Amino acid sequence: MEEPVRVRATEVTIDGPITVRDLAERMGLSGTELIKSLIRLGIVANLNQVLDPESARVAVTEMGVKVHEVERAEGQGAARPEDRIEDEEGAVPRPPVVTVMGHVDHGKTSLLDAIRQTNVTAGEAGGITQHIGASTVDWQGKRIVFLDTPGHEAFTAMRARGARVTDIAVLVVAADDGVMPQTIEAINHARAAKVPIIVALNKIDKPNALPDRVKKQLQEHGLTPEEWGGETIVVPVSAKERTGINDLLDIIILVAEMGELKANPDRRARGIIIETRLDKGLGPVASVLVQSGTLRIGDPFVAGTAFGRVRAMVDDKGNRVEEAGPSTPVEVVGFDELPEAGDLFQGLADDKMAREIASQRDLKKREQELGTRATATLADFLSHIREGEKRQLNLVLKADVQGSLEALKQSFEKLEEPEVGIDIIHTGVGGVTESDVNLAKASEAMIIAFNVTPDASARQAAEREKVEIRTYRVIYEAIGDVKAAIKGLRAPTFREVVQGHAEVRELFRIPKVGTIAGCYVTDGKITRRSRIRVVRDGIIVQDTSIASLKHFKDDVREIAAGFECGIGLENFQDIKEGDVLEAFTVEEVRP
């Protein structure tokens, strides 16, 4: 009798304990195939053995099959806990997790301190909290969890690793200063993460506070206050005077209730690594925000490529605890190695399974590092169009002046085709920063840089995260490349390869020759045939070629990093000390 042809499933539903036989049928595998796969994951089972739901879910996701319509987090292998639908019996309301963001010096840290002190009871010793990356506040009989790493950089770095850690973003804006560049970045980062934004209008006690002016600025960036007919709640506060803090906590509780945040405590723990440290006596220690389920002493677990068993747990007040339920931050002792912030934490059935999954992930990670490719490039995008997939092109735009930025933004918004969408995640004036690269990575976006260049840390981050940064000097070239790609006509035919950078340290005026820049090559190399960008404070002031390249008095073909040289530029004399010369070549890319 012939064995029936099996079609392997791409998605399965696991709604309770299940036998290996039934799971194999749902997955479209033979019982033998599934048993072999389970053994590789450290689970020894026969056809009639019953798997608990958590072990079955982890095993299935590690085998590359979806569970409950939840995509695997890239590079992690486990289903994202924040996206899993908590529709099972036993799901109960959980406390909200809040991130405080905003411009530097607008009072993020002061506000967190004020909130903690509001919560201090007479019995606490000065309200001293354990630094575990998050703190809990009890208000009106309900609990709120605040992440202690203010700023959108940490927030986005976690999101880039497939982790959604926040339920609500509190945007701190100083009433005397208004909306600043980092405020706009924070707004865009929170929007990209699709979390509700509450505005805390801080420093309202200052005599030069202009709340209405700030509200108008917020409205210009899409955050219209409720009293002006919008949906954004703006709460006036003073971290210094401790006023408005109670109102802010009330609003956070209200927004959380509207979000109907729920989790099931009666399952194995899932969560996010929020901080890590190496302790001399305890070894690798990590702060875990439990998002669903309950974590107990003795539980085996896996987090990224690290695994272990919970030996001890400490809460944010420094108390040793035996268990931690949903929306509870705890410091966990028992890791075999330091995981990374943003790694997904998963409680498991046994140590062997944890060890096998960590080992497999480590192997996958090495393979990905060897054969990795860009997050989002125009060439990738074009291939998706040709394959008939509906695709959205996400862009981060940076330019030298606001006028160029507006022109680019408006031009791109007009380019949308029926089968393609363009979403501009973030815009900003100035050079490309590491924060821009992190946002592009998290949003699967590419960066368009007009008349500006990435700084050293941004270049390194882009190379590491495989984020494409395309630099343009002519606005129509940028528009033309994207337009051609979304129409599926052609891939971009040229690309720039940065060769190196040199810093201008001294200027020499030579009669009949002009200005020669005495430079120090900081990285890479400068060649006689290189094109040169003159970059001043992150802005491109000239794009030209080399007229002369000398080492002392000798003409040379190239200069490597660590050496000094004299560089003369074609048709450009307005060079200044402190300028950076970026050497690059333009290569043709075959379609």
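Parameters at a glance
Residues numbered from 1 in each chain as written. Predicted model: local features only at pLDDT ≥ 70, side-chain atom pairs only at ≥ 80, totals over all residues. Heavy atoms only, no water. Pairing = 2+ DSSP bridges. Helix = DSSP H or I, 4+ residues; strand = E, 2+ residues; numbered from the N terminus. Axes fitted to C-alpha atoms, helices over the stretch in contact; angles between N-to-C directions. Contact = heavy atoms within 4.5 Å. Phe/Tyr/Trp six-rings, centres within 6.5 Å; stacked < 30°, edge-to-face > 60°. Buried < 20%, exposed > 50% of the residue type's maximum accessible area, 1.4 Å probe, protein only. pLDDT = per-residue confidence, 0-100. Salt bridge = Lys/Arg side-chain N within 4 Å of Asp/Glu carboxyl O. Parallel < 35°, antiparallel > 145°, perpendicular 65-115°, else oblique. Left-handed = near helix turned anticlockwise from the far one by under 90°. Nonpolar A, V, L, I, M, F, W, Y, C, P; charged D, E, K, R; others polar. Arc of directions from axis to C-beta.

**Q** What is the right way to read the sheet that holds strand β6 (residues 97-102) from this model?
**A** Across a sheet, strands are paired by hydrogen bonds formed along the backbone, either parallel or antiparallel in direction. Read across the open sheet, the six strands follow the order β7-β8-β6-β9-β10-β11; overall the sheet is mixed. Each edge of the sheet is formed by a strand with only one pairing partner; in this case those strands are β7 (134-139) and β11 (233-236). Here the average twist between neighbouring strands, direction ignored, is 30°. Strand contacts of helix α6 (residues 181-192): β6, β9 (168-174) and β10 (197-202), with the helix running at about 170° to β9, the strand carrying the most contacts.

**Q** Would you mind going over the packing of aromatic side chains with me for this structure?
**A** Each aromatic ring pair is described using two quantities: the centre-to-centre distance and the angle formed by the ring planes. As enumerated under the stated definition, the model contains three aromatic pairs in all. For the ring pair F301 and F335, a centre distance of 4.6 Å and an interplane angle of 55° mean the geometry is tilted. Taken together, the positions of F301 in strand β16 (residues 300-303) and F335 in strand β19 (residues 328-335) put the pair 34 residues apart, joining distant regions of the chain. Its relative accessible area of 5% is what places F335 among the buried residues. Members of the aromatic cluster, connected to one another through ring pairs, are F301, F335 and F345.

**Q** Is there a simple way to think about the confidence of the model for the chain in this case?
**A** Reading predicted coordinates in detail is not appropriate for stretches of low pLDDT. Averaged over all residues, the pLDDT of the chain equals 80, while 82% of them reach at least 70. By mean pLDDT, helix α10 (residues 378-386) is the weakest element of the chain at 60, and strand β15 (residues 295-296) is the strongest at 94. Scored below 50 in pLDDT, residues 1-5 makes one contact in the model with residues more than four places away or belonging to other chains. Confidence drops under pLDDT 50 across residues 69-87; counting only partners more than four residues distant or on other chains, this segment forms 56 contacts.

**Q** Looking at this model, I keep getting lost on the pairing of strand β13 (residues 270-279). Mind explaining?
**A** One face of the sheet, then the other: side chains in a regular strand alternate in exactly this way. As paired strands, β13 and strand β14 (residues 283-292) are joined by nine bridges and run antiparallel to one another. Bridging from a neighbouring strand, E275 pairs with S287 of β14. The hairpin formed by β13 and β14 contains three residues between the paired strands. Across three bridges, β13 lies against strand β20 (residues 344-347) in antiparallel orientation. Bridge pairing links R270 to Q346 in β20.

**Q** What's the story with the pattern of salt bridges in this structure? I'm lost.
**A** When the charged atoms of two side chains lie near each other, side chains of opposite charge can form a pair. Using the criterion set out here, one finds 24 salt bridges in the structure. For E331, the salt bridge is made with R277, and the minimal N-O distance between the two is 2.9 Å. Of this pair, E331 sits in strand β19 while R277 sits in strand β13, placing them 54 residues apart in sequence. A salt bridge links K317 to D316; its shortest N-O distance comes to 2.9 Å. A relative accessible area of 26% places K317 in the partly exposed class.

**Q** Would you take a moment to explain the packing of α6 against helix α12 (residues 434-442) for this structure?
**A** Where α6 contacts α12, the two axes come as close as 11 Å, and the packing angle between them is 15°. The pairing of α6 with α12 is recorded here as roughly parallel in orientation. Pair α6 / α12 crosses with left-handed handedness. Where α6 abuts α12, its residues E185, H189 and A192 lie against S435, D436 and L439. Of the residues in the contact of α6 with α12, the class split is two nonpolar, two polar and two charged.

**Q** So what exactly am I meant to see when it comes to helix α7 (residues 211-220) here?
**A** Every α-helix winds through 3.6 residues per turn, so residues three or four apart in the chain are directed the same way. The complete set of buried residues in α7 reads V214, K215, Q217 and L218. Buried residues in α7, looked at end-on, bunch into an arc of 160°, giving them a common side. Where α7 is buried, its residues meet β9, β10 and β11. Of the residues flanking the end of α7, it is G222, one or two places downstream, whose phi is positive at about 85°.

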